[in-house]
Amino acid sequence: MATSTVQHTVTCGRRLTLLNRHAVSTRRGLIVSGPAGTGKTTAITQLGRARELLDRARHPGVSDRIPVVYITVPSAATARMVAVEFARFLGLPVRVRSNITDILETVCGVLTDARVGLVLVDELHNISLTTRSGAEVSDTLKYFSERIPATFVYAGINVERAGLFDGTRGEQIAGRFTLVPTAPLPYNTEWQGLVPTLEDSLRLHDDKAGSLTALDRYLHDRTVGMIGSLSHLIRGAALDAILTGSEKITKSGLNAIPLDHSSESS
């Protein structure tokens, strides 16, 4: 779903990768932040997909390149846990006795040799700069960004409210990263154009064209403009239509799909 958030993230990310390509000093980065369910992960993964497809088109048949890296920050993460996440993405073996220095050196060496251009770090809200382990994780990510010639893109839930930009470390992050805020979509022309796009992707045999589009206001009321909730609602109703054999989405079928607590309570 090419929402304005996705398009803006992809545009900013592409621009930064070009600006950072020959950077001799501190590279700039991107942070996508907003409430849960507003499309942050979708936005950064679409940016990663666009980057990887472009790299493959420019280097056809080359198998030793890793243009994009994607990791998630574990809950209560430590610096070693984040380094291990990078190693796990690359398929590098990590022994229990391996210290963080050895892991960092190995990961940085592989990523540099593989010419990585984009590093995506999701679930950034799991880092708290007010704790010692959180500060160490922040320092580790900063170390990676200085050693690896790539653009770093973060995503997390309301990270600007969680103190990510506070203190000395926060000031460094704020001075290097552009913030892309996300929010629930209002009921406007973008939403009205989004629902037909979803309907066009359905392959139900008896679904009449425009039946879902006619319910766009109802869909907005049910999901409160949350992209994640909208996707869950329509996909769930489509699966029920297939399993029951009705092969069409109706308002009663949509009503039968329970949503997340935030949407239901709203």
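Up top is the structure.
I will try to describe carefully the structure that is included in this document. Owing to the predicted nature of the structure, the values given are computational and were not obtained by experimental measurement.

1. Observations regarding the overall build of the chain
Moving on, step 1. Looking only at helices and strands, the chain features 11 helices and five strands.
Moving on, step 2. For the chain, the spread of C-alpha atoms along the three principal axes comes to 60 × 45 × 40 Å.
Moving on, step 3. Within the chain, the fraction of its 266 residues that count as buried is 45%.
Moving on, step 4. In the chain, the share of contacts with a sequence separation of at least 24, taken over all contacts with a separation of at least 6, comes to 72%.
Moving on, step 5. Within the structure as shown, the chain displays about 13,900 Å² of accessible surface, and the carbon and sulfur contribution to it stands at 53%.

2. Side note on the sheet that holds strand β2 (residues 68–72)
Moving on, step 1. Strands sit in the order β2-β3-β4-β1-β5 across an open sheet of five strands; the sheet is parallel. In the strand order of this sheet, the two ends are held by β2 and β5 (177–181), each with one partner. Each adjacent strand pair in this sheet contributes to an overall mean axis angle of 15°, direction not counted.
Moving on, step 2. Note: strand β1 (residues 29–34) against β5, five bridges, orientation parallel. Looking at β5, one finds that Ser-33 is bridged to Pro-181.
Moving on, step 3. On top of the sheet, helix α3 (residues 79–90) reaches β2 and β3 (118–122); it is set at about 135° to β2, its chief contact.

3. Considering the packing of aromatic side chains
Moving on, step 1. Applying the stated criterion across every chain yields a total of two aromatic pairs.
Moving on, step 2. An angle of 35° between the planes, with centres 4.4 Å apart, marks the rings of Phe-86 and Phe-144 as tilted. Residue Phe-86 is found in helix α3, and its partner Phe-144 is found in helix α5 (residues 132–147); the two are separated by 58 residues along the sequence. Judged on exposure class, the residue Phe-86 and its partner Phe-144 are both buried.

4. Some thoughts on unusual backbone geometry
Moving on, step 1. One non-glycine residue, Ala-76, adopts positive backbone phi at about 55°.
Moving on, step 2. Along the chain, Ala-76 falls in the loop between β2 and α3.
Moving on, step 3. We note that Val-224 has phi near 55°; this positive angle belongs to a residue other than glycine.
Moving on, step 4. Turning to its location among the elements, Val-224 is positioned in the loop between α8 (216–223) and α9 (227–244).
Moving on, step 5. Classification of Val-224 by relative accessible area gives partly exposed; the value is 32%.

Parameters at a glance
Here the residue index of a chain counts from 1 through its sequence in written order. Given that this is a predicted model, residues contribute local features only at a pLDDT of at least 70 and side-chain atom pairs are listed and counted only at 80 or more, while totals for whole chains, interfaces and linings are drawn from all residues. As a rule here, side-chain values cover all heavy atoms of the structure and leave hydrogens and water aside. Think of it this way: any DSSP run of H or I at least four residues long counts as a helix, any run of E at least two long counts as a strand, and we number them from the N terminus. Only protein chains enter the area calculation, which uses a 1.4 Å probe; residues under 20% of their type maximum are buried, those over 50% are exposed, and those in between are partly exposed. Throughout, a contact is declared for two residues whenever any of their heavy atoms are within 4.5 Å. What sets the accessible areas is the Shrake-Rupley method with a 1.4 Å probe; for residues, cover comes only from the shown protein chains. The pairing criterion is simple: DSSP has to find at least two bridges between the two strands. Note on definitions: angles span 0 to 180 degrees between N-to-C directions of axes, and those axes are lines fitted to C-alpha atoms, for helices only across the stretch in contact. Centres within 6.5 Å make a pair out of two Phe, Tyr or Trp rings, where for Trp the six-membered ring is used; the pair is then stacked when the planes are under 30 degrees apart, edge-to-face when over 60, and tilted otherwise.

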